[in-house]
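Fold and geometry: a report
Here is how the chains run, residue by residue.
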Amino acid sequence: MAITLPSKLAALLCVIPLLSACSTLQAKKESTPANSSALAAKAEGKQCVDNFDLLRKLNYDAFNLYKTQFDEINRNYDYYKNNQLLMENDPKELITFTLNDKLNMICERVKSQTFVEIRKKMQAVSKI
C-alpha cells in the first residue's frame, strides 16, 4: 500500500512533536521551558513542512532527494516506536537524539535549498 505525499507530510508533523516530547529528565522537570520547547518544535515542524512543500513546486528533483531522506527517518522512527518497550533507557535516548538531529539537519537542508531556488527565480526576474 503506497502512502501519499500528504500522509507523509502529516506523518512528519506527527514525528516532530513526538520526538521533541522524548526529552531528558532535566527538561521534564522544568515544565514551563519544556512546554515552550514543544511549541517551538511544532512551529519549526510546520515551517519545515511548508519549506518542503514549496521546494516540491520549485525543484522537484531536490524535493525527491529530501523526501527519500524523510522516508528513512520515518522508517527509523517506526522501528523505534515498535521496539521502544524492549529497549533500555540509553538506547532509547540515543535513538531519540539521533532522529531529532537528523530531522533537524534535513529540515535545514530543505530550507537552504528552498532559499537557493527562490534566489534563482529572483535572478531571472531581475534580468527583465
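Residues numbered from 1 in each chain as written. Predicted model: local features only at pLDDT ≥ 70, side-chain atom pairs only at ≥ 80, totals over all residues. Heavy atoms only, no water.

1. So, the overall build of the protein
Helix and strand counts for the protein stand at five helices and zero strands. Out of the 128 residues belonging to the protein, those deemed buried represent 27%. Within the structure as shown, the protein displays about 8800 Å² of accessible surface, and the carbon and sulfur contribution to it stands at 58%. (Helix = DSSP H or I, 4+ residues; strand = E, 2+ residues; numbered from the N terminus. Buried < 20%, exposed > 50% of the residue type's maximum accessible area, 1.4 Å probe, protein only. Areas by Shrake-Rupley, 256 points an atom, 1.4 Å probe, with all protein chains shown as cover.)

2. As for the packing of aromatic side chains
The full count for this structure, using the stated rule, is four aromatic pairs. Ring centres 4.6 Å apart and planes at 35 degrees place the aromatic pair F52 and F63 in the tilted group. In this pair, F52 is assigned in helix α3 (residues 31-58) and F63 in helix α4 (residues 60-83), connecting sequence segments 11 residues apart. For F52, a relative accessible area of 2% gives the class buried. (Phe/Tyr/Trp six-rings, centres within 6.5 Å; stacked < 30°, edge-to-face > 60°.)

3. Observations concerning the confidence of the model for the protein
Reading fine detail from the predicted coordinates is not recommended where pLDDT is low. Of all residues in the protein, 73% attain a pLDDT of 70 or more, and the chain-wide mean is 80. For residues 17-31, every residue scores under 50 in pLDDT, and the model assigns this stretch 15 contacts once sequence neighbours within four places are set aside. (pLDDT = per-residue confidence, 0-100. Contact = heavy atoms within 4.5 Å.)

4. Considerations on the pattern of salt bridges
Within this structure, the stated rule accounts for six salt bridges. Across the salt bridge formed by K46 and D50, the nearest N and O atoms sit 3.0 Å from each other. Highlighted residues: K46 and D50, both in helix α3, separated by four residues, approximately one helical turn. Residue classification places K46 among the partly exposed residues on the basis of a relative accessible area of 48%. By relative accessible area, which is 34% here, D50 ends up partly exposed. Through salt bridges with shared partners, a single network forms among D53, R56 and K57. (Salt bridge = Lys/Arg side-chain N within 4 Å of Asp/Glu carboxyl O.)

5. Some details on a nonpolar patch on the surface
On the surface, L54, I118, M122, V125 and I128 cluster together into a nonpolar patch covering about 500 Å² of accessible area. It is helix α5 (residues 89-126) that contributes the most residues to the nonpolar patch, three residues altogether. Mapped onto the elements of the fold, V125 is located in helix α5. Taking relative accessible area as the criterion, V125 reaches 46% and is therefore assigned partly exposed. (Patch = residues over 30% accessible without salt bridge, like charges linked within 9 Å, V, L, I, M, F, W, Y side chains within 5 Å.)

6. Thoughts on the state of the cysteines
Scanning the model with the defined rule gives one disulfide in all. Here C48 pairs with C107 through a disulfide, and the sulfurs are 2.0 Å apart. Every disulfide takes its handedness from the sign of the S-S torsion; for C48 and C107 that torsion is -90 degrees, giving left-handed. Here C48, found in helix α3, pairs with C107, found in helix α5; they are 59 residues apart in sequence, far enough to count as distant. Judged by its relative accessible area of 2%, C48 falls in the buried class. (Disulfide = S-S within 2.5 Å.)

7. A look at the nonpolar core
Residues F52, L55, Y66, F70, I73, I106 and V110 are the most contacted members of the largest nonpolar core, which totals 16 residues. If you list the elements that add at least two residues to this core, you get α3, α4 and α5. The biggest single contributor to this core is α4, with seven residues. (Core = buried A, V, L, I, M, F, W, Y, C linked by side-chain atoms within 4.5 Å.)

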